[in-house]
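Remarks on the overall topology
Next come the chains, spelled out residue by residue.
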Protein chains: 2
Amino acid sequence: MVAAASPNTIQNYKQQTDFFEMARFHFMDDLKNVSNYKSEVIEFVTSPNNPDGFLKKAVLKGNSVKSIYDYAYYWSHFTAIPAPADEDVMIFSISKLTGHAGGRFGWALVKDKQIYDNMIRYICLAEMGVSRDTQLRALQLLRAILQGNGKEIFRFAYKTMGDRWEQLNQIISSSTRFTIQEIPPQFCNFFQQVRGPSPAYAWVKCERKEDSNCAEVLSRAKITGRRGSMFGSDDRYARLSLIRRQDDFNLLIHRLTVLVSEENRAESM
Amino acid sequence: MVAAASPNTIQNYKQQTDFFEMARFHFMDDLKNVSNYKSEVIEFVTSPNNPDGFLKKAVLKGNSVKSIYDYAYYWSHFTAIPAPADEDVMIFSISKLTGHAGGRFGWALVKDKQIYDNMIRYICLAEMGVSRDTQLRALQLLRAILQGNGKEIFRFAYKTMGDRWEQLNQIISSSTRFTIQEIPPQFCNFFQQVRGPSPAYAWVKCERKEDSNCAEVLSRAKITGRRGSMFGSDDRYARLSLIRRQDDFNLLIHRLTVLVSEENRAESM
């Protein structure tokens with residue numbers, strides 16, 4: 001069995017597990033249903049979680065449980081790093097590190113030799129190895145990151161994302177119609193200081209009873225978000241991306257400002 | 001069920017089918033066992049076949065049978081093209097077309113919209129799309145091929161492979177210990193003329209009773225081949241690659257010449 005730690009996690013793991021219809025696996029998206037389960041369980045832990053950005057820990061424990069930590073967003077761009085990553089199976093990707101998601105390039109840190117061997121075997125059988133062109137490109141990107149003291153991209157990305165979050169937060173704080181997730185300040189082991197939130201996505205909730213489809217409400221204001229149900233959640237929620245290009249983000253801020261100011265004007269009438 | 005048209009076909013299809021242990025598929029490598037099978041069958045047809053280079057047609061017929069033509073070697077480099085490729089599902093790769101196997105880039109021509117949709121869905125779920133870096137590289141390669149009249153690479157590759165086969169054939173023809181496959185001349189629709197063989201691999205048979213492991217016999221003469229059992233065949237056979245770099249090929253010819261001349265010297269003593 002394969003399970004995901006959070007009902008809010010992206011549905012890709014479910015779709016993959018279902019699609020391949022493997023004889024030995026099936027997917028359960030509600031961890032509450034797992035507790036009585038007798039067989040082996042693999043739990044996906046998405047930390048920070050997509051879409052809400054919260055750090056997560058495995059929920060299931062025991063000898064029959066293994067965890068895969070999806071650390072795609074575990075960069076100081078998006079979250080405080082409370083401790084160095086040290087789980088048994090951790091998967092990473094260059095997508096959200098440098099923004100080169102098109103390369104489809106990732107890596108894993110794995111402590112158990114047997115699991116490592118299985119992963120290599122999977123890659124060999126399913127794809128006969130990873131494209132050498134892509135590996136070369138990724139190597140160049142990692143070399144560029146390591147130039148200087150190797151911290152520049154992290155400072156830049158944290159400042160950019162933190163500033164964006166602050167702008168967004170300021171608009172939403174003057175709204176009663178919309179709320180976003182609250183991420184508390186936390187000590188960051190990487191920057192060696194307490195730091196505020198800078199998540200990749202805003203997880204917007206439409207608070208009005210009649211706004212049961214939040215993505216649609218936003219869409220009418222020409223703001224594109226993903227429906228909550230795409231993340232196993234309610235459509236009263238919608239996900240806004242904060243990792244687009246600067247002009248996209250500026251447009252988002254502009255249109256949100258208009259949308260919220262209309263709400264305030266209507267209330268003061 | 002998934003089946004392969006030739007017991008000599010490369011074992012990758014079997015390994016993939018077995019590894020994923022999909023609830024709906026299992027692999028059968030001997031088509032003789034398939035005839036009584038009641039369920040749906042997918043037949044892999046590798047044409048030209050790896051390792052022996054022969055053109056193949058699907059063996060199984062009927063409403064419950066679908067064929068996937070693996071045309072990785074269906075280039076005039078390696079075979080006469082008796083007719084334009086026109087099967088329902090045909091898979092191609094840039095690996096053996098330009099030699100850029102490291103890109104892991106291929107494509108498919110598919111007539112049925114439903115099958116096309118399923119393939120796209122597989123690619124999205126298993127890999128979230130193909131690396132854009134690799135796609136760009138492949139595009140550049142295809143553009144280079146199309147320069148001029150677009151036939152230059154095919155003439156070059158056919159001449160190179162044909163010359164190599166002739167050199168190899170000449171050595172083997174003076175041996176009684178080793179034989180290789182015989183590929184008859186055939187009319188080529190692409191070159192519009194009858195042409196001789198130019199396969200990617202020599203499928204060597206060790207004819208002496210005691211030479212039951214042909215790859216080992218060759219290995220003692222410092223010639224690297226793949227054991228016949230890797231292709232579902234007997235170890236009395238071994239596969240020699242003729243698509244390596246020119247200096248590798250020269251070394252192969254040199255060492256084979258020595259090996260065969262020793263055999264002839266021994267016989268004349």
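Quick look at the structure, then. As a convention, each chain's residues are numbered from 1 in the sequence order in which they are written. Chains carry letters from A onward and ligands carry numbers from 1 onward, assigned in written order. Two thresholds apply to this predicted model, a pLDDT of at least 70 for residue-level local features and 80 or more for giving and counting side-chain atom pairs, whereas whole-chain, interface and lining totals are computed over all residues. For the side-chain quantities, the full set of heavy atoms in the structure was used; hydrogens and water were omitted.

**What about helix 5 (residues 152-173) of chain B?**
- Over its 22 residues, helix 5 of chain B runs 31 Å from end to end, which matches the ideal 32 Å to within 8%, given 1.5 Å per residue.
- Partly exposed residues are those whose accessible area sits between 20% and 50% of the maximum for their type, while under 20% is buried and over 50% is exposed, using a 1.4 Å probe and protein chains only. The numbering of helices and of strands both runs from the N terminus, where a helix is a DSSP run of H or I of at least 4 residues and a strand a run of E of at least 2. Among all positions of helix 5 of chain B, only Phe154(B), Ala157(B), Tyr158(B), Met161(B), Gly162(B), Arg164(B), Trp165(B), Leu168(B), Ile171(B) and Ile172(B) are buried. Here the expected length of a helix is defined as 1.5 Å per residue gap, with one fewer gap than residues.

**Brief notes about the pairing of strand 10 (residues 201-206) of chain A**
Residue and element names in this part refer to chain A.
- Along strand 10, five of the six residues are buried, which leaves the element largely enclosed by surrounding structure.
- Sheet topology places strand 7 (residues 178-179) next to strand 10; two bridges connect them, and they run antiparallel. In the strand pairing of strand 10, Phe178 is matched with Cys206.
- Where strand 10 meets strand 12 (residues 237-241), five bridges bridge the pair, whose relative direction is antiparallel. The residue bridging Tyr201 from the neighbouring strand is Ser241, located in strand 12. Whether two strands pair depends on DSSP finding at least two bridges between them.

**What about the state of the cysteines?**
All names here are of chain A.
- Whenever a pair of cysteine sulfur atoms sits within 2.5 Å, that pair is classed as a disulfide. Per the stated rule, a full pass over the model turns up two disulfides over all chains.
- Disulfide partner of Cys206: Cys214, at an S-S distance of 2.3 Å. Judged by the sign of its S-S torsion, about 70°, the cystine formed by Cys206 and Cys214 is right-handed.
- Classification of Cys206 as buried rests on a relative accessible area of 0%.

**Topic: the packing of helix 4 (residues 132-146) of chain A against helix 4 (residues 132-146) of chain B**
- Interaxial angle, 0 to 180 degrees, is taken between N-to-C directions of lines fitted to C-alpha atoms, where a helix line uses only the stretch in contact. Where helix 4 of chain A contacts helix 4 of chain B, the two axes come as close as 8 Å, and the packing angle between them is 120°. Our classification of the angle between helix 4 of chain A and helix 4 of chain B gives oblique. In this structure, helix 4 of chain A meets helix 4 of chain B at a crossing whose hand is right-handed. Where helix 4 of chain A abuts helix 4 of chain B, its residues Asp133(A), Thr134(A) and Arg137(A) lie against Asp133(B), Thr134(B) and Arg137(B).
- Looking at the contact of helix 4 of chain A with helix 4 of chain B residue by residue, the class counts come to no nonpolar, two polar and four charged. Each angle receives one of four descriptions, namely roughly parallel if under 35 degrees, roughly antiparallel if over 145, roughly perpendicular if within 65 to 115, and oblique otherwise. By convention, the crossing between two helices is left-handed when the near helix turns anticlockwise from the far helix through less than a right angle, and right-handed when the turn is clockwise. Here, two residues are considered to be in contact whenever any of their heavy atoms come within 4.5 Å of each other. Classification convention: Asp, Glu, Lys, Arg as charged; Ala, Val, Leu, Ile, Met, Phe, Trp, Tyr, Cys, Pro as nonpolar; all other residues, Gly among them, as polar.

**Let's talk about the interface of chain A and chain B**
- With 26 residues of chain A at the contact, the number on the chain B side is 26 residues.
- For the pairing of chain A and chain B, the buried interface totals around 2,600 Å² over both sides, and the portion due to carbon and sulfur atoms is 55%.
- A pairing counts as a salt bridge when a side-chain nitrogen of Lys or Arg comes within 4 Å of a carboxyl oxygen of Asp or Glu. Here chain A and chain B share two salt bridges between them.
- The salt bridge partner of Asp133(A) is Arg137(B), with a shortest N-O separation of 2.5 Å.
- Pairing of N or O atoms within 3.5 Å defines a polar contact, subject to two protein rules: one partner must be a possible hydrogen donor and the other a possible acceptor, and residues neighboring in sequence count only if both atoms are side-chain atoms. On the surface where chain A and chain B come into contact, there are 13 residue pairs in polar contact (both at pLDDT 80 or more). When two parts are put together, the accessible area they lose, computed with a 1.4 Å probe and summed over both, is reported as buried area.

**Digging into the sheet that holds strand 12 (residues 237-241) of chain B**
- If you trace the four strands from one edge of the open sheet to the other, you get 7-10-12-11 (chain B), paired in antiparallel fashion. In this open sheet, the two strands that pair with only one neighbour each are strand 7 (178-179) and strand 11 (226-227) of chain B.

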